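# A look at the structure
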Amino acid sequence: MPAVAETIETVQSAQEGGYKFGFETKIEMEFAPKGLNEDIVRFISAKKGEPEWLLEWRLKAYAMWLKMEEPDWAAVSYPKFDYQDAYYYAAPKNKVVPKSLDEVDPELLRTYEKLGIPLREQERLQGIAVDAVFDSVSVATSYKERLGKEGIIFCSISEAVHTHPELVKQYLGSVVPQGDNYFACLNSAVFTDGSFVYIPKGVRCPMELSTYFRINAQNTGQFERTLIIAEAGSHVSYLEGCTAPQRDENQMHAAVVELVAMDDATIKYSTVQNWYPGDAEGKGGIYNFVTKRGACRGARSKISWTQVETGSAITWKYPSCILQGDDSVGEFYSVAITNNRQQADTGTKMWHIGKNTKSTIVSKGISAGRGQNTYRGLVKISPKATGARNFTQCDSLLIGDQCGAHTVPYIENRCATAKIEHEATTSRIAEDQLFYCRARGLNQEEAVGLIVNGFCREVLKELPMEFAVEAQKLLAISLEGSVG
Amino acid sequence: MLKIENLTAEIDGKQILKGITLEVPAGEVHAIMGPNGSGKSTLSYVLSGREGYEITGGSATFNGIDLLAMEPEERAAAGVFLAFQYPVELPGVGNANFLRTALNALRRARGEAEVDAMQFLKLSRAKIKALQMSEDMLKRNVNVGFSGGEKKRNEVLQMALLEPKLAILDETDSGLDIDALKIVADGVNAMRGPDFSALVITHYQRLLDHITPDRVHVLMGGRIVKTGGPELALELEAEGYAKVAA
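Residues numbered from 1 in each chain as written. Chains lettered and ligands numbered in written order. Predicted model: local features only at pLDDT ≥ 70, side-chain atom pairs only at ≥ 80, totals over all residues. Heavy atoms only, no water.

### Topic: the overall build of chain A
Counting its regular elements, chain A contains 15 helices and 19 strands. The burial tally for chain A puts 58% of its 484 residues in the buried class. Of the contacts formed within chain A by residues at least 6 apart in sequence, a portion of 83% connects residues at least 24 apart. When the accessible surface of chain A is totalled, it reaches about 19900 Å², and 51% of it is carbon and sulfur. (Helix = DSSP H or I, 4+ residues; strand = E, 2+ residues; numbered from the N terminus. Buried < 20%, exposed > 50% of the residue type's maximum accessible area, 1.4 Å probe, protein only. Contact = heavy atoms within 4.5 Å. Areas by Shrake-Rupley, 256 points an atom, 1.4 Å probe, with all protein chains shown as cover.)

### Examining the sheet that holds strand 9 (residues 215–220) of chain B
All names here are of chain B. The strand order across the open sheet formed by 6 strands is 6-7-8-3-9-10, and the pairing between neighbours is mixed. The open sheet has two free edges, formed respectively by strand 6 (80–83) and strand 10 (223–228), since each of these has just one partner strand. Averaged over neighbouring strand pairs, the angle between their axes works out to 20° when direction is ignored. Looking at chain direction, strand 6 and strand 7 (residues 166–170) are connected through 4 bridges and run parallel. (Pairing = 2+ DSSP bridges. Axes fitted to C-alpha atoms, helices over the stretch in contact; angles between N-to-C directions.)

### Comments concerning the confidence of the model for chain B
Across chain B, pLDDT averages 91, with 99% of residues at or above 70. Here the predicted complex carries an ipTM of 0.95, next to a pTM of 0.81. (pLDDT = per-residue confidence, 0-100.)

### A few points about the sheet that holds strand 3 (residues 209–210) of chain A
Residues and elements named next belong to chain A. An order of 3-5-8-10-13-15-17-19 is seen for the 8 strands of this open sheet, with the pairing classed as parallel. Two strands bound the open sheet, and with one partner strand each, they are strand 3 and strand 19 (419–428). As defined by bridge partners, strand 5 (residues 235–241) adjoins strand 8 (residues 266–273) across 7 bridges and the pair is classed as parallel. Residue pairing for strand 8: S237 is matched across the bridge by K268.

### Focus on the nonpolar core
Ranked by internal contacts, the top residues of the largest apolar core, which has 115 residues, are I366 and V452 of chain A together with I4 and L47 of chain B. At 7 residues, helix 7 (residues 178–191) of chain B tops the list of elements feeding residues into this core. (Core = buried A, V, L, I, M, F, W, Y, C linked by side-chain atoms within 4.5 Å.)

### Quick word on the interface of chain A and chain B
Contacts between the two partners involve 19 residues from chain A, matched on the other side by 33 residues from chain B. Taken over both partners, the interface formed by chain A and chain B buries close to 2100 Å², and the fraction arising from carbon and sulfur atoms is 61%. Looking at the side of chain A facing chain B, the largest losses of area belong to F435, Y436 and R440 of chain A, adding up to 38% of the total buried there. Two residues, R440 of chain A and E155 of chain B, come together in a salt bridge whose shortest N-O distance is 2.8 Å. Put simply, the parts of the chain that give the side of chain A that touches chain B at least two residues each are helix 12 (431–439) and helix 13 (444–455) of chain A. (Buried area = accessible area lost by both parts, 1.4 Å probe. Salt bridge = Lys/Arg side-chain N within 4 Å of Asp/Glu carboxyl O.)

Structure below.
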């Protein structure tokens with residue numbers, strides 16, 4: 001049983017008497033009862049002290065969601081998720097946190113070790129060590145001051161709802177509407193927290209923004225909602241996630257990320273996703289159903305997605321760009337690894353609306369064990385998008401003979417002057433490559449790591465430096481035991 | 001030193017090595033010459049541990065250690081280096097990164113400290129200069145887009161950096177023009193010393209004009225049929241394998 005559920009149920013059973021007193025008692029106990037209904041949506045909104053308009057917004061989403069069907073077009077299979085058998089709100093303080101690293105799963109610590117994550121950082125990731133937490137709080141505060149001087153807003157979305165309601169109201173759901181898809185709709189109804197970023201006109205954000213510097217980022221929960229707005233001429237690079245393994249006990253994750261770029265603005269969004277993938281037999285593991293979309297609203301704006309997806313049992317994710325502004329640019333660089341029984345159906349949508357819009361897609365899929373890896377992408381060129389250009393490159397690498405790689409590129413072109421290029425390759429790690437490396441002294445796993453990193457180089461070089469080094473190690477770790 | 005005794009090996013049930021006995025003392029360079037299909041490449045792969053070859057009998061030891069029981073990377077750590085006949089391309093893997101990873105893997109296995117990026121750069125530059133190669137070599141991806149000659153030169157560069165005790169050069173001279181041949185030969189000659197032995201496998205005598213072997217062995221039909229001094233290579237060149245071996 002997931003730890004959160006366990007905690008909640010232990011508390012419940014300890015308070016048997018209180019349980020039948022119904023809803024009110026639960027509020028004091030910092031968790032909502034199991035299941036999903038309108039009251040739960042109201043509960044979450046009330047818990048966060050949200051204004052009426054946001055509650056209405058959530059309820060509207062919930063009503064839509066009830067009428068929707070879970071999509072089944074992706075090339076992933078999983079047992080039907082029982083939405084009534086899950087918790088949608090549990091306050092962080094109910095979480096059982098280990099007191100020291102001695103109490104943490106040694107397997108997890110070994111992975112940290114291999115990733116070269118410093119001890120203090122390991123403690124922070126586990127939510128331990130008051131010192132470390134204080135450290136990150138003070139770091140966060142000093143960064144916040146520096147950002148504040150530039151007029152940059154970087155806070156949790158719950159905080160933004162109170163401090164900058166006009167911005168949230170204007171942009172929330174403006175890129176991914178409530179009824180966009182089943183999972184985004186569910187998120188709109190029950191999202192718990194996430195990041196909010198606002199970069200004022202002409203400001204170049206002086207540092208990479210990372211959830212690391214946001215207090216309590218580790219508890220943002222399963223329905224994360226992120227909104228980034230870059231005003232005209234601004235520039236921001238945002239890092240999501242962490243290369244350390246995340247043992248979140250919530251099985252279903254349905255996040256929504258919305259990006260808005262105005263004239264000449266640039267948003268670079270980098271993700272390293274390393275949620276628990278389940279064991280070798282496919283037991284456990286996170287279902288990651290994410291909707292990420294960016295709107296290049298302004299002329300010459302640019303949105304660039306870079307993702308390294310190594311975790312989760314199921315990944316369903318298509319970071320996309322709506323290229324509305326003339327001469328706007330969309331980019332998608334992706335590495336997705338599936339090992340053991342992992343399944344990934346991931347790709348992008350590039351929707352060209354403005355003139356001379358340009359998009360680049362580079363996707364590297366690596367399948368090992370019994371992993372299934374699908375690239376699914378749509379390049380859509382509207383009639384008015386004269387001079388639009390797209391370049392797509394999809395490469396698949398197979399390790400072993402029981403995995404699968406699939407490429408599903410859709411192209412819808414309604415403009416005669418558009419130029420669209422698509423390249424795709426599928427290859428194996430050749431025996432002679434492995435032997436060549438081993439004859440030079442590398443062991444089997446180092447050799448696989450080196451070859452795979454070479455295969456992914458075009459994507460990895462898009463990652464910010466501090467991320468890239470860890471991501472490289474992560475690729476090798478994700479494939480451990482997949483050869484020989 | 002390398003000691004091979006009555007070594008037999010087969011691939012896909014077909015016997016290729018039919019009882020090879022050979023000794024390369026420390027500090028010596030031996031040439032193995034033979035026609036196509038005589039088992040030259042098989043011998044080099046068996047010694048370096050490539051999968052797919054079944055050892056059916058005999059032994060091969062290096063300084064007294066059983067080579068055949070070791071993984072390829074363990075043999076590399078023990079000081080064995082194979083210069084490939086067909087060097088393999090590694091797309092996206094930078095040559096410098098590859099070389100440093102290999103060097104550090106070897107150093108780690110030997111309990112030595114790893115070299116950092118700066119130390120490696122210094123070291124590799126010195127080697128490149130000594131070999132009269134271009135520094136460009138380090139920036140490119142491993143063997144990707146290299147000409148035949150460049151690939152072979154890259155093998156020699158790797159050898160110079162990894163400083164093996166035993167180098168097996170599998171037809172390193174094939175496809176080389178005379179200038180490249182000289183660079184390869186100079187690379188091997190520069191390493192000669194009391195702690196370095198080499199097994200130079202070749203079809204032709206011309207490489208041996210530049211690397212004078214201490215001994216020449218003729219490999220035919222999976223066996224060493226004749227052994228002699230450097231003059232044997234010249235004899236082979238003039239008379240052909242069939243006559244010399246007869």
